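Take a look at the letters that make up each chain.
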Amino acid sequence: MTKEELKSYLESNYPELTYSESGKYDLLFIVEAQKLVKTCEKLRDDVKLQFNYLGNISGVDTTENYLTVYQIASISNKLRLDIKVILPHDNPSINSVQSVWPAANWYEREIWELYGIEIHNHDNLTRFLLPDDWDQGHPMRKDWDAPDFIRFPQK
Amino acid sequence: MAELRTEEFQVNMGPHHPSTHGVCRLLLTLDGEKIIKVEPYIGYLHRAIEKICENRTYPMCIPILDRFEYVTAMSCNYVFSLAAERLAEIEVPERAEYLRVIMLELNRIASHMIFFGTTVMDIGALTPFLYALREREMIMDLFEMTCGQRLTYNYIRIGGVSRDIPKEFIPKCRETIKTIDEKIEEYKRLLNGNPIWKARTIGIGKLSPELAIAYGASGPILRASGVEYDLRRDDPYSIYDRFDYKIPTYQNGDVYDRYMVRLDEMQESCKIVAQALDGLPEGDIRAKVKPNFKPPEGEVYTRIENSRGEMGVHLISDGTNKPFRLKARGGSFAHLQLLPEISKGCLIADLVAIFASFDVILPEVDR
Amino acid sequence: MIATSVTFWLKDLLGSIGLSGDLLTIATYGILAVAVFSLLSVLALFLVWWERKVAGHIQQRFGPMRNGWHGWYQTLMDGLKLLQKEDILVFTRDRMVFFWAPIMCFVAAFAAYIVMPFGEGLIVADLNIGILYIVAITTFTIISLLMAGWGSNNKYALLGGMRSAAQVVSYEVPMVVSILIVVLSAESLSMVKIVEAQGGWIWNWNIFKIPVVGLVAFITYIIAAVAEANRTPFDLPEAEQELVAGFNIEYSGMKFAMFFLAEFINLFTVSAIAVTLFLGGWQGPGPASISFIWFFLKTFAVIFLLMLFRWTYPRLRVDQLMEFAWKFLIPLTFVNLIIAAVMKHFGWYLGN
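Here, residues in each chain are numbered from 1, in the same order as that chain's written sequence. As a convention, the first chain written is A and the first ligand written is 1, with the rest following in written order. Where totals are concerned, whole chains, interfaces and linings use all residues; where local detail is concerned, this predicted model gives features only for residues with pLDDT of at least 70, and gives and counts side-chain atom pairs only at 80 or more. Here the side-chain values reflect all heavy atoms present in the structure, with hydrogen atoms and water set aside.

**Student:** An account of the overall build of chain C is needed here, citing residue identities and associated values.
**Tutor:** By the criteria applied, helices consist of DSSP H or I runs no shorter than four residues and strands consist of E runs no shorter than two, each listed in order from the N terminus. Within chain C, the regular secondary structure consists of 13 helices and zero strands. Sequence-ordered secondary structure for chain C, helices as α and strands as β, is α-α-α-α-α-α-α-α-α-α-α-α-α. In this description the radius of gyration comes from C-alpha coordinates, and the expected globular size is given by 2.2 Å times residues to the power 0.38. For 352 residues, the compact-globule formula gives about 20 Å, and the C-alpha radius of gyration of chain C, at 21 Å, lands near that figure. Along the longest, intermediate and shortest principal axes, the C-alpha atoms of chain C span 60 × 60 × 40 Å. It only takes one pair of heavy atoms within 4.5 Å for two residues to be counted as in contact. Looking at chain C alone, contacts between residues at least 24 apart form 75% of all its contacts between residues at least 6 apart. Here chain C has roughly 15,500 Å² of accessible surface; of this, 74% comes from carbon and sulfur atoms. We treat Lys and Arg as the positive residues and Asp and Glu as the negative residues; His and chain ends play no part in the count. Throughout, a charge is located at the NZ atom of Lys, the CZ atom of Arg, the CG atom of Asp or the CD atom of Glu. Here chain C holds 21 positive side-chain charges and 21 negative ones, and the gap between their average locations is 6 Å. Every accessible area reported is derived by Shrake-Rupley at a probe size of 1.4 Å, with residue values counting cover from the shown protein chains alone.

Set out below in structure tokens:
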């Protein structure tokens, strides 16, 4: 399955996924937060796709929204796909995809810790990158500033 | 007769422990020597690389990413440069692609040498560590000859490589890979017949392919479990499709297979380097890239086959000269979260062997 | 020929200058104790240096090179450094146990040398239960390791202590049974008698004298001895990749040095016993006055063998270690003992 075939297959069979132009190399689709886990399950169990491998989850703070991007792959069919979820800037929260890919565990913990995005149905939401007594917010947020963190002047 | 009562107790393995390969804390719950539970605690090496990169221009990110996974700094350079090139759609000159492949494969050998040495040392034989480092030294010399650095290279840049190889590089490189190929045979003779080595590695830390895929294991660990998946072939990048090499795969997924996969991979890398040296064309080593590099808006996730599995960079550009968001993904992160799953019920000595066979490197986990 | 033994010679000498009674005994054994102690201290220092040299050359490097010719006084300087170091005491230690453990280890390691025949007549006391005494006294080392593990109040140390106790109790059995084969052949427990029974040519050494059985007994003894001396592949009590340093994790300064020296003296002890029991002890060509040279040559050869093991083998796991002892080594040595008894009965021996 080539990239174009995958794109047309997803557009015809997955109405919940919307194609996004901003993905430059691999396909990038946007899904609503409520439908995330269902869609992921469907993508994993689809015999034609078999997206059984979760490579990475990255959190993004765009200052207007929070994003979580799931980089998934299919090992048997050699496919790649990015799935993006757009979350509101106030009280962002999302369901865990741990039930679909157990690998999500630590990635979601990291997003919860560094971005402050609430993860529902996660079995072990505890601190692990920051110190145990950390009380200075979520450092990967764009508005987070540390006293000794020097920003270069924007050109 | 009263029944004997046993009590579980907890041991902190690390942060400073000889076999955690850096500063990782494993909280072990033990019943005698048997492990009931392992909880990895990470973050001791957290240097906020991702946050720092958001505040640096694109070329300035490369030396910072060198520290992301310093044992294979070439891969870190490469995966970031590749992401930037895919964003800006830069065509890389032929010679630069060949040089990149040579460096990446040499670095893969150097990294697997470290794996070989430390794993064997963790299982108790101290001598092979020094043998492995002796061979790694030859590769380090080649890197030093090329870019002046031995660990953090800053060699692969956006659009090409930083400088051309010197004249003496090619004969010395040929000699090096020939020696290494012979030495790997020697390592195999040294250990593979040793009954103690076999008893310590075969059948230890078995990882089924289903579990490996579900937990996002990649690279040699996935291949040792019988899944033939190599990003060099299955998600092609650079010019790997021009070379003839095998993808070593083993079926049992135990410590021994993970060790054998890596030894075989080193020999395959030697083959790739030899072919790349043969086919090395003349020409430019760098595409024309503006010093104030500004890729267009967009996002890309690039992944390459590193010696520790899939290494990826998720790069989001907002059109300025600094990355809007850079997320670095290392193979060790996924492998470390797999550790508690497969080390239940084994002994402390097995845990050490499994940890070593995963070849976890902590700066890659903590970033 | 020295008058039967150096002890009697010394007694005569001291008696001739007017000592007598208890004073004579105390003076004789005092001088001998100091002599043996000095000899062993030098030997231990030498063995540390030699081990580092052997390790270095196996690993394609030189080992110590700076202090003198090929670093010959390196370990002396190390010892001085350890003497000057602060003796760090853990607050939560068990005071008595923690204090006595290294001393006990040290004393047990030295006490074995009372019955060790360094050469013809070079023995402090030829006890008629010589080898039994050694087996008994070296076991104290293990108690001291357990004490060190318990007294440190550290989980790694405790695991190390437990491992060493389990290991040594298991390996004591094949070791003693292997020794029994020699005792059976020599019909004596006395170290001197055992060596004297191996006089003459090389096939009179116990390893060849009892065909095949002697060789098997020698190999099983060496395996058990490596375990007894806590060396790779059986160095589990201090496995640094697993237990950091095992039982001696909380010891520093001179207390650590005592463990360290005792370890090397134990290495010499097990090798010396192997030589005495199987390789003819001091027996060799030349007059009796150079017999000690043969003893040391043979012992260093055995030590070199153990060093090769240490720097080339990986480490066994704790359950594999136990399995090896109980399921393989102990049955083998018992079968060997039975065969040896049968051979003794029918006199199927080489040599005299």
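**Student:** Provide a residue-level description of the interface of chain A and chain B, including the pertinent values.
**Tutor:** At the interface, 47 residues of chain A touch 46 residues of chain B. Here the quantity called buried area is the total loss of accessible area, with a 1.4 Å probe, experienced by two parts when brought into contact, counted for both. Of the roughly 4,100 Å² buried between chain A and chain B, counting both surfaces, carbon and sulfur atoms make up 57%. Taken as a group, Lys24, Tyr53 and Trp106 of chain A account for 17% of the area that chain A buries against chain B, more than any other trio of residues on that side. As a salt-bridge pair, Arg367 of chain B and Glu110 of chain A come within 2.9 Å of each other at their nearest N and O atoms. The definition of a polar contact used here is a pair of N or O atoms within 3.5 Å, where within protein one atom must be able to donate a hydrogen and the other to accept one, and adjacent residues in sequence count solely through side-chain atom pairs. Inspection of the chain A/chain B interface yields 21 residue pairs in polar contact (both at pLDDT 80 or more). Of all the secondary structure elements, the ones that give two or more residues to the side of chain A that touches chain B are strand S3 (53–61), strand S4 (65–74), strand S5 (79–88) and helix H3 (104–115) of chain A. In terms of residues, the side of chain A that touches chain B owes the most to one element, S3 of chain A, which gives nine residues. Charged means Asp, Glu, Lys or Arg here, nonpolar means Ala, Val, Leu, Ile, Met, Phe, Trp, Tyr, Cys or Pro, and polar covers whatever is left, Gly included. The residue makeup of the side of chain A that touches chain B, split by class, is 24 nonpolar, twelve polar and eleven charged. Here a salt bridge means any side-chain nitrogen of Lys or Arg lying within 4 Å of a carboxyl oxygen belonging to Asp or Glu.

**Student:** Explain the sheet that holds strand S8 (residues 323–329) of chain B residue by residue, including any values.
**Tutor:** In any sheet, the strands associate via hydrogen bonds between backbone groups, in a parallel or an antiparallel arrangement. All names here are of chain B. One open sheet accounts for three strands, arranged S6-S7-S8; its pairing is antiparallel. Of all the strands in the sheet, the pair left with one neighbour each is strand S6 (298–306) and S8. Taking each pair of neighbouring strands and ignoring which way they run, the sheet shows an average axis angle of 15°. Note: strand S7 (residues 309–317) against S8, six bridges, orientation antiparallel. Following the sheet pairing, His314 is matched in S8 by Lys327. Here, a strand pair is defined by DSSP locating no fewer than two bridges between the strands. Convention adopted: a line fitted to C-alpha atoms gives each axis, helices being fitted over their contacting stretch, and angles between N-to-C directions are expressed from 0 to 180 degrees.

**Student:** Requested: an account of the sheet that holds S4 of chain A, with residues and values cited.
**Tutor:** All names here are of chain A. Read from one edge of the open sheet, five strands run S1-S2-S5-S4-S3, paired in mixed fashion. Bordering the open sheet on either side are strand S1 (18–19) and S3, each of which pairs with just one other strand. With ten bridges joining them, S4 and S5 adopt antiparallel strand pairing. Counted as the bridge partner of Leu67 is Ile86 from S5. In the packing of helix H2 (residues 36–45) onto the sheet, the strands contacted are strand S2 (28–31), S4 and S5, and the crossing angle to S5 comes to about 175°. In the packing of H3 onto the sheet, the strands contacted are S3 and S4, and the crossing angle to S3 comes to about 5°.

**Student:** Summarise the confidence of the model for chain C; cite the residues concerned and give the values.
**Tutor:** All names here are of chain C. Predicted confidence across chain C gives a mean pLDDT of 83, with 98% of residues reaching 70 or more. The least confident element of chain C is helix H10 (residues 240–243), whose mean pLDDT is 71; the most confident is helix H9 (residues 213–228), at 88. Two numbers describe this predicted complex: its pTM, 0.85, and its ipTM, 0.85. For every residue, the predictor states its confidence as a pLDDT score lying anywhere from 0 to 100.

**Student:** Could you give an account of the pairing of S7 of chain B, naming the residues involved and the relevant values?
**Tutor:** Regular strands show a simple pattern: their side chains alternate between the two faces of the sheet. Residue and element names in this part refer to chain B. Summary of the burial criterion: residues with accessible area below 20% of their type's maximum are buried, those above 50% are exposed, and those between are partly exposed, where the area comes from a 1.4 Å probe applied to protein chains only. For S7, the buried fraction is high: nine of the nine residues fall into the buried class. The sheet contact formed by S6 and S7 spans nine bridges and is antiparallel. Bridge assignment links Glu305 to a residue of S7, and that residue is Glu310. Connecting S6 to the next strand, S7, in antiparallel fashion are two residues. Taken together, S7 and the strand that follows it, S8, pair antiparallel across an intervening segment of five residues, in which Gly319 is found at a positive phi of about 90°.

**Student:** Summarise the packing of helix H5 (residues 130–151) of chain C against helix H6 (residues 155–186) of chain C; cite the residues concerned and give the values.
**Tutor:** All names here are of chain C. Orientation of H5 relative to H6, taken along the N-to-C sense of each, is 170°, at an axis distance of 8 Å. Overall, the two elements H5 and H6 adopt an arrangement that is roughly antiparallel. Facing H5, whose interface residues are Ile131, Val135, Thr139, Ile142, Leu145, Leu146, Gly149 and Trp150, H6 presents Ala157, Leu158, Gly161, Met162, Ser164, Ala165, Val168, Glu172, Val176, Ile179 and Val183. Here the residues of the contact of H5 with H6 are counted per class, giving 14 nonpolar, four polar and one charged. To sort the angles, those under 35 degrees are grouped as roughly parallel, those over 145 as roughly antiparallel, those from 65 to 115 as roughly perpendicular, and the leftovers as oblique.

**Student:** Describe helix H12 (residues 331–342) of chain B, naming the residues involved and giving the relevant values.
**Tutor:** All names here are of chain B. One fewer than the residue count of a helix, multiplied by 1.5 Å, yields its expected span. In this model, H12 (twelve residues) spans 17 Å end to end at C-alpha, consistent with the 16 Å of a helix rising 1.5 Å per residue. For H12, the tally of buried residues reaches eleven of twelve residues, placing the bulk of the element in the interior. For H12, the full list of buried residues reads Gly331, Ser332, Phe333, Ala334, His335, Leu336, Gln337, Leu338, Leu339, Pro340 and Ile342.

**Student:** An account of the interface of chain C and chain B is needed here, citing residue identities and associated values.
**Tutor:** Accessible area lost during the coming together of the parts is what is often quoted as the interface size. Between chain C and chain B, the contact holds 24 residues from the first and 34 residues from the second. Where chain C abuts chain B, roughly 2,500 Å² becomes buried across the two surfaces, and 61% of that area is made up of carbon and sulfur atoms. In this structure, the connection of chain C to chain B is made through one salt bridge. For the salt bridge of Asp350 of chain B with Arg317 of chain C, the shortest nitrogen-to-oxygen distance reads 2.9 Å. Linking chain C with chain B are nine residue pairs in polar contact (both at pLDDT 80 or more), by the criterion used here.

**Student:** I'd love a proper account of the pattern of salt bridges, names of residues and values included.
**Tutor:** Residue and element names in this part refer to chain B. Following the criterion strictly, the structure yields 46 salt bridges over all chains and no others. With its nearest N and O atoms 3.1 Å apart, the salt bridge here joins Glu144 to Arg150. In this structure Arg150 comes out as partly exposed when scored by relative accessible area, which is 29%. Two residues, Glu228 and Arg233, come together in a salt bridge whose shortest N-O distance is 3.2 Å. What you see here is one network of salt bridges that share partners, running through Glu105, Arg108, Arg223, Asp230, Arg232, Glu265 and Glu305.

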